[in-house]
Amino acid sequence: MNRTELFDKILNHLIDNPNNFWVLIPTCEKYFGVSNRRLIESIGDEIIERGWATPKKDDKYSVYIHYDGIEMIKKHKSYSSFEKSINRVNNRTKAENNIKIILSIIGGIGVIYGCVFTYLNYQKDRKIDNQQTEIKKLNGQIDSLKTELKKTHHNTV
């Protein structure tokens, strides 16, 4: 018997007999023919960690079904269905995280492109401004040369 099947049997046994604490190892040996202590303890640990059963204070693997355990079985019908629903949620979460990472990368590339484009436009505008300043300076020199040429031409006539 695999872990999932034994998990379902233990949960169903606890739900069918909710008025008592059940010691998992002897219960599994007696009712299900399973004596693999590590397997039973790992199931017991998970049942307790998920809040599906309450352990006795003096015996961790003596458990009493909890309301959350009953509700989980009502909702999912079995432990394997519960695992599948968790895997779907995990896969969806992974996909959402991947999309967030991709969008962050695209956003970062957009910011870099924007910065480069702004810098290049700034450089182009600066170059144009410098050229216009130089044109004004040269026009001023041309005007002064024309004026001087007129003076020289008027003085010689």
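Heads up: the structure comes first, above all this text.
Residues numbered from 1 in each chain as written. Predicted model: local features only at pLDDT ≥ 70, side-chain atom pairs only at ≥ 80, totals over all residues. Heavy atoms only, no water.

Chemist: Can you break down helix α3 (residues 37-49) residue by residue, with the values?
Modeler: An ideal rise of 1.5 Å per residue puts 18 Å on 13 residues; α3 measures up with 18 Å between its terminal C-alpha atoms. The set of residues buried in α3 consists of L39, I40, I43, G44, E46 and I47. End-on view of α3: buried residues confined to an arc of 165°, all on one side of the axis. For α3, the exposed residues lying more than 90 degrees away from the buried face are R37, R38 and E49. At the N-terminal boundary of α3, the capping side chain belongs to N36, with an oxygen 3.2 Å from the backbone nitrogen of R38. Phi turns positive, to about 80°, at G51, one or two residues after α3. (Helix = DSSP H or I, 4+ residues; strand = E, 2+ residues; numbered from the N terminus. Expected span 1.5 Å × (residues − 1). Buried < 20%, exposed > 50% of the residue type's maximum accessible area, 1.4 Å probe, protein only. Arc of directions from axis to C-beta. Polar contact = N/O pair within 3.5 Å; in protein donor to acceptor, adjacent residues only side chain to side chain.)

Chemist: Quick rundown of helix α4 (residues 67-76)? Include the residues and the values.
Modeler: Those residues of α4 not exposed but buried are G69, M72, I73 and H76. When α4 is viewed along its axis, its buried side chains cluster within an angular range of 95° and face the same direction. Opposite its buried face, α4 presents the exposed residues Y67, K74 and K75, each directed more than 90 degrees away. A positive phi of about 75° marks K77, the residue just after α4.

Chemist: Tell me about the nonpolar core, residues and numbers included.
Modeler: Within soluble globular proteins, side chains that are nonpolar generally end up buried alongside one another. If you look at the biggest cluster of nonpolar residues, it comprises 23 residues, and the most contacted ones within it are L6, I10, L11, I47 and W52. Of all the elements in the fold, those that place two or more residues in this core are α1 (3-16), α2 (24-32), α3, β3 (62-65), α4 and α5 (79-156). It is α1 that contributes the most residues to this core, 5 residues altogether. Leaving out residues up to four positions away in the same chain, L6 has contacts with M1, C28, F32, V34, L39, I40 and I43. (Core = buried A, V, L, I, M, F, W, Y, C linked by side-chain atoms within 4.5 Å. Contact = heavy atoms within 4.5 Å.)

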